[in-house]
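Coordinate analysis (summary)
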Amino acid sequence: MSISGGTRLAAVIGSPVKHSLSPAIHNAAFAARGLDWTFVAFDVPSGGGAAAVAGVRALGLGGLSVTMPLKAEAATAVDVLSDDARALGAVNCVVPDASILRGENTDGAGFVDALRIDEGVDPAGLRCVVLGAGGAARAVIRALGGAGAVAVLVVNRTPSNAADAALLAGDAGAVADVSAVNDADLVVNATPAGMRGGPDHLPVDPGRFHAGQIVMDLVYRPAGTPLLAAAGVWGARTIAGDGMLVY
Ligand code: NDP
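Overview of the structure. Remember, predicted model here, so these are calculated numbers, not experimental data.

The helix and strand tally for the protein stands at 9 helices and 12 strands. In terms of C-alpha radius of gyration, the protein reaches 19 Å, essentially the compact-globule figure of 18 Å for 247 residues. Structurally, the protein occupies a C-alpha span of about 55 × 35 × 30 Å along its principal axes. Out of the 247 residues in the protein, the part that is buried amounts to 42%. Here the contacts in the protein between residues at least 6 apart in sequence split such that 62% fall between residues at least 24 apart. Carbon and sulfur atoms make up 56% of the accessible area of the protein, which totals about 11700 Å². The centroid of the 16 positive side-chain charges in the protein is displaced by 4 Å from the centroid of its 22 negative side-chain charges.

Okay, structure coming up:
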């Protein structure tokens, strides 16, 4: 890679961001397409999101990826929001469009694309359980509702957050307790449980899983999370979260 006076710059902002996979993913894509672009990571702590987004305009950046804890701040700092970003109150991509900064949220579409394109799984008609009700869960819940899941059941340790998130799936959305896992076609872990590894960090008792089910873990580090390892032992088909990240 050579940097010249004409090289375009794109970046990810968030904190911590040192271990982000985004520079590797985007720089590989730029190289594959022969583009004179480069992608870096800026550690921007909470409270710095608006200034960082303003920097896109000031510096003429090619685009910005936004990760924790800045997705809500970015949503208030852009000029216009996509339907998904508005519904979720969170932006993960800032796209310069002439003089306008457009805020997008690609988490839900990335989740569905990872299922459909990489795994051949269509959520339409499936009975789904989502564990968690935070930012990633909300994007997944909305996407499953939009993709025609017959049920999107939200299981979360704080019930009020589950109720709020379930609304995003429309008529298919509801709050449930953990027993809903037993009868689900698709179970999605959208809690951070498992990020630190170890068998104690499971969001649900894996004895509830069985053959015929699909279990997807949005946690993508470590690869082969404790949840996926345990779900596989109980006969479920397992899907890792890195496909969603890439899409
Ligand atoms: P948030 O902090 O927004 O939400 C976390 C959710 O998990 C909340 O509902 C919270 O419950 C629940 N939770 C947190 N800790 C625990 C615990 N120990 N046990 C049970 N529930 C818990 O996080 P995000 O939604 O942004 O991220 C969640 C995970 O998804 C992360 O691991 C992240 O890396 C991953 N992710 C993966 C993506 C991908 O592309 N694969 C994209 C985005 C995120 P409560 O409501 O009670 O606080």
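The next thing to look at is the site of the ligand. The full set close to the ligand counts 20 residues, and Ala133, Ala136, Asn156, Thr158 and Asn161 are the nearest of them. Contact distances for the ligand include 3.2 Å between an oxygen atom and a backbone N or O atom of Gly134. One of the side-chain nitrogen or oxygen atoms of Asn161 is found 2.8 Å away from an oxygen atom of the ligand. In isolation the ligand offers 930 Å² of accessible surface; the protein chains occlude 74% of this area. At the level of secondary structure, the elements contributing two or more residues to the shell around the ligand comprise helix 6 (135-146) and helix 9 (242-246).

The linkage connecting Ser15 with the following residue, Pro16, adopts the cis geometry, with an omega of 0 degrees. Residue Pro69 is bonded to the preceding Met68 through a cis peptide linkage, with omega at 0 degrees. With respect to the helices, strands and loops of the structure, Pro69 is situated in the loop between strand 3 (63-66) and helix 3 (71-77). Its identity as a non-glycine residue notwithstanding, Ala98 has a phi of 55 degrees, on the positive side. With respect to the helices and strands, Ala98 occurs in the loop between strand 5 (93-97) and strand 6 (100-104).

Right, let's get into the pairing of strand 10 (residues 186-189). The alternating pattern of strand 10 places Leu186 and Val188 on one face and Val187 and Asn189 on the opposite face, and all of these are buried. Pairing of strand 7 (residues 127-131) with strand 10 involves 4 bridges; the strand directions are parallel. Its bridge partner lying in strand 10, Val130 is registered against Val188. One ladder, built from 4 bridges, connects strand 10 with strand 11 (residues 214-217); its direction is parallel. Directly across from Asn189, in strand 11, lies its bridge partner Asp217.

Taking strand neighbours across the sheet as the criterion, the 6 strands line up as 9-8-7-10-11-12 in an open arrangement whose pairing is parallel. Sheet topology places strand 9 (173-175) and strand 12 (237-239) at the edges, where each strand pairs with a single neighbour. Pairwise comparison of adjacent strand axes, ignoring direction, gives a mean angle of 20 degrees for this sheet. This element, helix 8 (residues 226-233), spans strand 10, strand 11 and strand 12 of the sheet and lies at about 170 degrees to strand 11.

Okay, the packing of aromatic side chains next. Taken as a whole and assessed by the stated rule, the structure comprises 1 aromatic pair. For the pair Phe30 and Trp37, a centre-to-centre distance of 5.5 Å together with 45 degrees between the ring planes defines the contact as tilted. You can call Phe30 buried: its relative accessible area is 11%. By relative accessible area, which is 26% here, Trp37 ends up partly exposed.

Looking at the element boundaries, Arg138 is found in helix 6. We classify Arg138 as buried; its relative accessible area is 18%. Along the chain, Arg138 and Leu167 lie 29 residues apart, while their C-alpha atoms are 9.4 Å from each other.

Two packed helices can be described by the angle between their axes and the distance between those axes. Where helix 5 (residues 107-119) meets helix 6, the axes come as close as 8 Å, and the angle between the chain directions of the two elements is 60 degrees. When the axis of helix 5 is compared with that of helix 6, the two are oblique. As helix 5 runs across helix 6, the sense of the crossing is right-handed. Across the interface between the two elements, Asp107, Gly108, Phe111 and Val112 from helix 5 touch Ala139, Val140, Ala143 and Leu144 from helix 6. Of the residues in the contact of helix 5 with helix 6, the class split is 6 nonpolar, 1 polar and 1 charged.

The rules behind these values
- Each chain carries its own residue numbering, running from 1 in the direction its sequence is written.
- In view of the model being predicted, local features appear only for residues whose pLDDT reaches at least 70, and side-chain atom pairs are presented and counted only at 80 or more, with totals across whole chains, interfaces and linings using the full set of residues.
- The basis for every side-chain value is the complete set of heavy atoms in the structure, and neither hydrogens nor water enter the calculation.
- Working definition: helices are DSSP H or I runs of at least four residues, strands are E runs of at least two. Numbering for both runs from the N terminus.
- Radius of gyration here is computed from C-alpha atoms only, and the compact-globule reference equals 2.2 Å multiplied by the residue count raised to the power 0.38.
- To sort residues, take the accessible area from a 1.4 Å probe on protein chains only and compare it with the maximum for the residue type: under 20% means buried, over 50% means exposed, and anything in between is partly exposed.
- Any pair of residues with heavy atoms lying within 4.5 Å of one another is described as a contacting pair.
- Using a 1.4 Å probe, the Shrake-Rupley method yields the accessible areas, and only the shown protein chains count as cover for residues.
- When charges are counted, Lys and Arg contribute as positive and Asp and Glu as negative, whereas His and the chain ends are disregarded.
- By convention, the charge on Lys lies at NZ, on Arg at CZ, on Asp at CG and on Glu at CD.
- Nearness is judged by heavy atoms alone; a residue qualifies as near a molecule or strand once a single heavy atom is within 4 Å of it.
- N or O atoms within 3.5 Å of each other form a polar contact, as long as, within protein, one can give a hydrogen and the other can take it, and as long as residues adjacent in sequence are counted only when both atoms are side-chain atoms.
- Only strands that DSSP links by at least two bridges are regarded as paired with each other.
- Convention adopted: a line fitted to C-alpha atoms gives each axis, helices being fitted over their contacting stretch, and angles between N-to-C directions are expressed from 0 to 180 degrees.
- In this analysis, rings of Phe, Tyr and Trp, with Trp reduced to its six-membered ring, are considered paired at centre separations within 6.5 Å, and the interplanar angle assigns stacked below 30 degrees, edge-to-face beyond 60, and tilted for intermediate values.
- Orientation labels follow simple angle bins: below 35 degrees gives roughly parallel, above 145 gives roughly antiparallel, 65 to 115 gives roughly perpendicular, and whatever is left gives oblique.
- A clockwise turn of the near helix away from the far one marks a right-handed crossing, whereas an anticlockwise turn of less than a right angle marks a left-handed crossing.
- For this scheme, ten residues count as nonpolar: Ala, Val, Leu, Ile, Met, Phe, Trp, Tyr, Cys and Pro. Four count as charged, namely Asp, Glu, Lys and Arg, and the remainder, Gly too, count as polar.

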